[in-house]
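What the coordinates show
One letter stands for each residue in the lines below.
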Amino acid sequence: MAKTNPPGFYRIMLGDFEVTALSDGTMPGFNLQQLLTNVSAGVISTALDREFLRDPIEGSVNAYLINTGPKLVLVDVGAGKLFGPTLGRLIDNLRASGYRPEQVDEVVITHMHPDHVGGLVADGQMAFPNAVVRADRREASFWLSPIHLDAAPAAQKDFFRGAMASVQPYVQAGKLKLFDDGAEITPGVSVRGLPGHTEGHTSVVIESEGRKLVLWGDIIHAAPVQFPHPEVTIAFDSDATAAAAQRGKAFAEAAREGYLVGAAHISFPGLGRVRLEGQAYRWVPLPYGVLR
Ligand SMILES: [Zn+2]
């Protein structure tokens, strides 16, 4: 028995763009009964039963590499060293997919939680030495503020320290650039704010030749529970009420428009579509296939 999976990358074409989902690994101890809020224990266990799952589930951490032709854009970078040995695989998987970290032109951060920024650094150096790192202005002013770090409860201080340490080498090199809601990163790639999970939580909209992919960031953490119950929130939400409202809107829009969605914490590769069935949403994973 080899007891390993092949490298975690999965590739599709979106119009003229090539999209590569990259796995950063998984979190094997993702305990929904402890982490989910605004929900009863019974609703969680019924939802898990329906998908043959048992708590704690194994949660994916995914990032997405977009080759537009002129630009190579990476959306989120995984946890690096911040979340233990089952994560931090992004660079290995990026190399296995045929690219090198120094080829990345733009890194877009959906938000500054450790599992989305930790991979910016490797051994204290910039892991993507030729990239500009782009983040929402509200997100940066929240997580990079020493005043907020001081005011944060003890349990949350590491989130601030992780964000600061991950971004710092790029700040020093003059390579952290902040965007406002709606900004275009490069033709076909733009950002759209979905604040709630964090102050400046952002989605990334990819469009080519009439096809559309929306990279959700952390609109959803626990697909088996939150698709049927979008009102269910998670302990990491900065503003749980706003996060639930954004999730409801994001699900409704995705179901109505039928575009492709990519999500950081839906089981790898986290690519699919959303369907509304009665009162509940259902995730429809993208079928496996050749590139065209
Ligand atoms: Zn996350």
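Check the entry above for the structure.
Quick notes on the rules
- Residues numbered from 1 in each chain as written.
- Predicted model: local features only at pLDDT ≥ 70, side-chain atom pairs only at ≥ 80, totals over all residues.
- Heavy atoms only, no water.
- Core = buried A, V, L, I, M, F, W, Y, C linked by side-chain atoms within 4.5 Å.
- Buried < 20%, exposed > 50% of the residue type's maximum accessible area, 1.4 Å probe, protein only.
- Helix = DSSP H or I, 4+ residues; strand = E, 2+ residues; numbered from the N terminus.
- Pairing = 2+ DSSP bridges.
- Axes fitted to C-alpha atoms, helices over the stretch in contact; angles between N-to-C directions.
- Contact = heavy atoms within 4.5 Å.
- Donors = N, O, S within 2.8 Å, 3.2 Å for Na, K, Ca; no water.
- Tetrahedral: all angles 85-135°; square planar, octahedral: opposite > 155°, others 65-115°.
- Expected span 1.5 Å × (residues − 1).

Counting residues in each nonpolar core, the largest one holds 32 residues, and the members touching the most others are Leu-74, Val-104, Val-107, Ile-109, Met-112, Leu-120 and Phe-128. Mapped onto this core, the elements with two or more residues apiece are β4 (57-67), β5 (72-75), α3 (90-96), β9 (132-136), α5 (137-143) and α7 (157-172). Ranked by the residues each element gives to this core, the list is headed by α7, at six residues. Counting residues in each nonpolar core, the second largest holds 21 residues, with Tyr-10, Leu-14, Ile-66 and Ile-206 among its members.

Ordered in space as β11-β12-β13-β14-β16-β17-β18, the seven strands form an open sheet in which the pairing is mixed. For this open sheet the edge positions go to β11 (184-186) and β18 (280-285), each flanked by a neighbour on one side alone. Direction aside, neighbouring strands of the sheet carry axes that sit 30° apart on average. Alignment of β11 against strand β12 (residues 189-193), held across two bridges, turns out to be antiparallel. Bridging across to β12, Thr-186 finds its partner in Val-189. Against the sheet, helix α9 (residues 240-257) contacts β12, β14 (211-215), β16 (260-262), β17 (271-277) and β18, and its axis sits at roughly 95° relative to β17.

Our next topic: the coordination of the zinc ion. Here the zinc ion is held by Asp-115 (OD), His-116 (NE2), Asp-218 (OD) and His-265 (NE2), and the distances to it run 2.1 to 2.2 Å. Each of the four donor atoms around the zinc ion contributes to a set of angles spanning 85 to 167°, which defines the coordination as irregular. Look at where the donors of the zinc ion fall in the sequence and you get D-H-x101-D-x46-H. Residue Asp-115 is found in helix α4 (residues 114-117), and its partner His-265 is found in the loop between β16 and β17; the two are separated by 150 residues along the sequence. When its relative accessible area of 8% is taken as the criterion, Asp-115 is described as buried.

Our next topic: α9. Over its 18 residues, α9 runs 26 Å from end to end, which matches the ideal 26 Å to within 8%, given 1.5 Å per residue. Against β12, α8 (223-226), β15 (233-234), β16, β17 and β18 lie the buried residues of α9. At the C-terminal side of α9, Gly-258 shows a positive phi close to 70°.

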